[in-house]
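# What the coordinates show
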Amino acid sequence: MSYIFLLLFCVAIYFFIREEKVGNILCLLTLFPELVGVLLNKAGFMGLNMAVKYALFAVCLWECRRMINENFSNLWRNPISILFYLLVAAMVWHNEFYIGGADTNPNIATFQLNVILRVFIPYIIIMLCADHDDVIEQYCNSIPWWGLGFIVAFVALMGFGAVDMSDRMTLEKETGVNSILLSRIAAMTILGALIPYLRATDKLLKYSYLVIVIIGAFMLLLASQRGTIIGVGVAVILALALILIREGKQKQFWIITTCLVAVIFILLNFFDFEILHRFQQLKGYQSFERYADYGIAWRAFSENDYLTGLGSMGYNKYTGGFRPYPHSMILELMAEYGLIGLITAIGIVVIGSWMTYKILIRTENVASEMAVPVIWVSLLFSVLVSGSFLSNAPFYLTTAILILCYQNQEQEDSDNSITHAFKLQ
């Protein structure tokens, strides 16, 4: 079975390379890179995961070689990018010179290398290769299909039958895929399919996207991650409101919203998911370990004069191994990378939210790139309450695509203004 999946994957990649569909490959490598590892590992090709990914990145760079020079300015055009580079520089400085952990601790050195390979370099490649409407459209259109591919591979190859639906912790134990990762893949799949569902005019295609949304909803509930579920709910309402209500389709808005609520209600009644119990636990939030992280992270930040930080994996050492990381992008960056980390985290949230609003409010018709801001919103809610620097990689890389969507829209508005002024003259 694993060889069949791997063969289908290779055929798809060959087709994308032959047709120069760089966006499809970039989508896989930045949002669903775990699919590559799952297929290779299950087929017995252990240790080739990173090599295959970077071979595909090299293909993308080669296909986009003619536009790299003109896209080079993308690397510093947005404040988020500059903050992100400063953050990576602060990480290296902390680990190499301030605490010296990377020289003496192989775990810190490995963590730092993974951040560079899985977050920093892919971020750069996106900026160089994805600044084109066709590439972004390919990227967005492939999101639901890569998500579906991962879910199908997960169910078929990972021993899904042994998972206890009422206990999300059995996910990683039985399959090796943790619930945070699965919830985010489900979120991207749902929202990636929702936008083309609203656009589609062909009934068969429309129903296909609807099926993907339902499958994604099932996996989202299975993962039972509160932050991601809330994020998806907010993103769905935001997308439907801005798309349908602005077009005067209030009736369709309420029909689709009601149908989605009904699907969730049916799934919750037919399957014993853990999520309802987890939301009930919020009544005693003060006893949560994550609640204590806020005080611990602030103490670590203040004890380092609000400037430096604990360094990579420093939170784990600071808490005596009690907490490996504080399960929040803001808390982790603040505690481990000091003032630069805190400014970067807040900058991403504030500037990213502004770009999301501008993209959604300016788009008159349903466009494929609308999937990017709504996915960004869903991931934002997740990274604020869960995950680590490495596991939050899809959020940082979605932010890169968000920046390019915003820049392209700004450029298009500028060109239209110039054209309009020229016609008036």
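Everything below is about the structure printed above this text.
The shown structure was predicted, so the numbers you read here are calculated from the model rather than taken from an experiment.

## Describing unusual backbone geometry
- One non-glycine residue, serine 224, adopts positive backbone phi at about 55°.
- With respect to the element layout, serine 224 can be found in the loop between helix H13 (203-223) and helix H14 (226-245).
- For serine 224, a relative accessible area of 0% puts it in the buried group.
- Phi at aspartate 305 takes a positive value of approximately 60°, unusual for a residue other than glycine.
- Position of aspartate 305 among the secondary structure elements: in the loop between helix H17 (289-303) and helix H18 (314-318).
- Of the residues examined, aspartate 305 reaches a relative accessible area of 56% and is grouped as exposed.

## Regarding the side chain of asparagine 71
- Tracing the chain through its elements places asparagine 71 in helix H5 (residues 68-71).
- For asparagine 71, a relative accessible area of 2% gives the class buried.
- Once residues within four sequence positions are removed from consideration, asparagine 71 is found in contact with Met127, Leu128 and Asp131.

## As for the packing of H14 against helix H15 (residues 250-270)
- Remark: H14 packs on H15, axes separated minimally by 9 Å, with the N-to-C direction vectors making an angle of 160°. On the basis of their axis angle, the class for H14 and H15 is roughly antiparallel. The crossing of H14 and H15 is right-handed. On the side of H14, the interface is formed by Val236, Ile237, Leu240, Ala241, Leu244 and Ile245, while H15 contributes Gln250, Gln252, Phe253, Ile256, Thr257 and Leu260.

## A few points about the packing of aromatic side chains
- Scanning all chains against the criterion turns up 21 aromatic pairs.
- Seen in terms of ring centroids, tryptophan 298 and phenylalanine 301 are 5.4 Å apart; in terms of plane orientation they differ by 55°. Their pairing is tilted. In this pair, tryptophan 298 and phenylalanine 301 are both assigned in helix H17, 3 residues apart and thus about one turn of the helix distant.
- Given a relative accessible area of 46%, tryptophan 298 falls into the partly exposed group.
- Taken together, Phe84, Tyr85, Phe120, Tyr123, Tyr337, Trp376, Phe389, Phe395 and Tyr396 form an aromatic cluster joined through their ring pairs.
- When the ring centre of tryptophan 62 is taken as origin, the NZ or CZ atom of arginine 65, which lies over that ring, is 4.0 Å away.

What counts, and where the lines are drawn
- Residues numbered from 1 in each chain as written.
- Predicted model: local features only at pLDDT ≥ 70, side-chain atom pairs only at ≥ 80, totals over all residues.
- Heavy atoms only, no water.
- Helix = DSSP H or I, 4+ residues; strand = E, 2+ residues; numbered from the N terminus.
- Buried < 20%, exposed > 50% of the residue type's maximum accessible area, 1.4 Å probe, protein only.
- Contact = heavy atoms within 4.5 Å.
- Axes fitted to C-alpha atoms, helices over the stretch in contact; angles between N-to-C directions.
- Parallel < 35°, antiparallel > 145°, perpendicular 65-115°, else oblique.
- Left-handed = near helix turned anticlockwise from the far one by under 90°.
- Phe/Tyr/Trp six-rings, centres within 6.5 Å; stacked < 30°, edge-to-face > 60°.
- Lys NZ or Arg CZ within 6 Å of the ring centre and 35° of its normal.

Limitation: the analysis is restricted to geometry and does not speak to function.
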